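Spelled out from the first residue to the last, the chains are:
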Amino acid sequence: MKTPAHFFDLGGTLLALDDHNEIALDEHGRVAILPGVREHLAALAGTPVFVVSNQSGLAAETLDTFRAQLTAGTGDTITGYAICTHPRDAGCGCRKPRPGLVLSLAETHRIHLAGSTMVGDTETDRQLAMNAGIGHFAWAADYFRTSPATSPGSVEPADHRVAGFGRCGEEGADEGRRRTEGPRRQR
Ligand SMILES: [Zn+2]
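Only a predicted model underlies this, so the values are computations on that prediction, with no experimental measurement involved.

About the cut-offs
Residues numbered from 1 in each chain as written. Predicted model: local features only at pLDDT ≥ 70, side-chain atom pairs only at ≥ 80, totals over all residues. Helix = DSSP H or I, 4+ residues; strand = E, 2+ residues; numbered from the N terminus. Buried ≥ 20, exposed ≤ 12 C-beta atoms within 10 Å, placed from the backbone. Contact = placed C-beta atoms within 7 Å. pLDDT = per-residue confidence, 0-100. Core = buried A, V, L, I, M, F, W, Y, C linked by C-beta atoms within 7 Å. Pairing = 2+ DSSP bridges. Right-handed = clockwise from strand over helix to strand, strands pointing away.

### A short note on the overall build of the chain
The helix and strand tally for the chain stands at five helices and six strands. Along the chain, helices and strands appear, N-terminal first, in the series β-α-β-α-β-α-β-α-β-α-β. Relative to its 187 residues, the chain shows a buried fraction of 38%. When contacts within the chain are restricted to residue pairs at least 6 apart in sequence, those whose partners lie at least 24 apart make up 73%.

Structure below.
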């Protein structure tokens, strides 16, 4: 039996961006969790929730810092992270909008993608949903503006938590059908 999941982009969706479209950090190195995120993630507690992000070249320690702050700020509701840290032009199969990260998570966690939801803030995220066969896509600005719907069963304890970041390792696997990336930022 496969389970539907929610997939979230990171920068611009869960965390605020700075003027350079990088994840914003204050003078103490703290991220800013965007309005509505805590409430919505709390409503999804007990269901599979994944963060899927392109963070080209970002150090593992920095990613750990983001994860720790998100975990502390959202009540430990995120099941797992899948981050592509490959260079933009590496041609890996996991850089969004290529579907590698999502397909890997779906395989590991037995996720029903057609019944799942992707939430993002860029065209890249929308294309990822299409490429991976995720059934629903929501723009972050719309999704987090409304109050989360509360449903029975959404407060069960999570038993599907995973430690650490999912890492992609499919260098060049998707070379034959590389896409020309559009002018919008690819996050
Ligand atoms: Zn990658």
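From this point on, the discussion continues.
### Considering the confidence of the model for the chain
Chain-level statistics for the chain give a pLDDT mean of 83 and a share of 79% at 70 or above. The low-confidence segment residues 150–167 (pLDDT under 50) makes 28 contacts with residues lying over four places distant or belonging to another chain. Under a pLDDT of 50 for its full length, residues 169–183 has, in the predicted model, 16 contacts with residues more than four places off or in other chains.

### Observations concerning the nonpolar core
Counting residues in each nonpolar core, the largest one holds 39 residues, and the members touching the most others are Phe7, Phe50, Val51 and Val102. Beyond its immediate stretch of four places on either side in the chain, valine 102 contacts Phe7, Val52, Leu128, Ala132 and Ile134.

### Concerning helix α3 (residues 100–109)
Side chains three or four residues apart in an α-helix point the same way, a direct result of the helix having 3.6 residues per turn. Within α3, the full set of buried residues consists of Gly100, Leu101, Val102, Leu105 and Ala106. Just beyond α3, the residue with positive phi is arginine 110, at close to 55°.

### What to know about the pairing of strand β4 (residues 117–120)
Sheet topology places strand β1 (residues 6–8) next to β4; three bridges connect them, and they run parallel. Residue pairing for β4: phenylalanine 7 is matched across the bridge by methionine 118. Here β4 pairs with strand β5 (residues 136–139) via four bridges, running parallel. Within β5, the position partnered with glycine 120 by the bridge is tryptophan 139.

### Some details on helix α4 (residues 123–132)
Three or more residues of α4 are buried, namely Thr124, Asp125, Gln127, Leu128, Ala129 and Ala132. For α4, the secondary structure elements touched by its buried residues are α3, β4 and β5. Remark: glycine 133 follows α4 within two positions and exhibits a positive phi of approximately 80°.

### Thoughts on the pairing of strand β3 (residues 80–84)
Most of β3 sits out of view: five of its five residues are buried. Side chains of β3 alternate between two faces, with Gly80, Ala82 and Cys84 and Tyr81 and Ile83 buried alike. In this sheet, β3 lies alongside strand β2 (residues 49–54) in parallel orientation, the contact comprising five bridges. Opposite valine 52, over in β3, you have alanine 82 as the bridge partner. Following the chain from β2 across helix α2 (residues 60–74) to the adjacent parallel β3, one finds a crossover that is right-handed.

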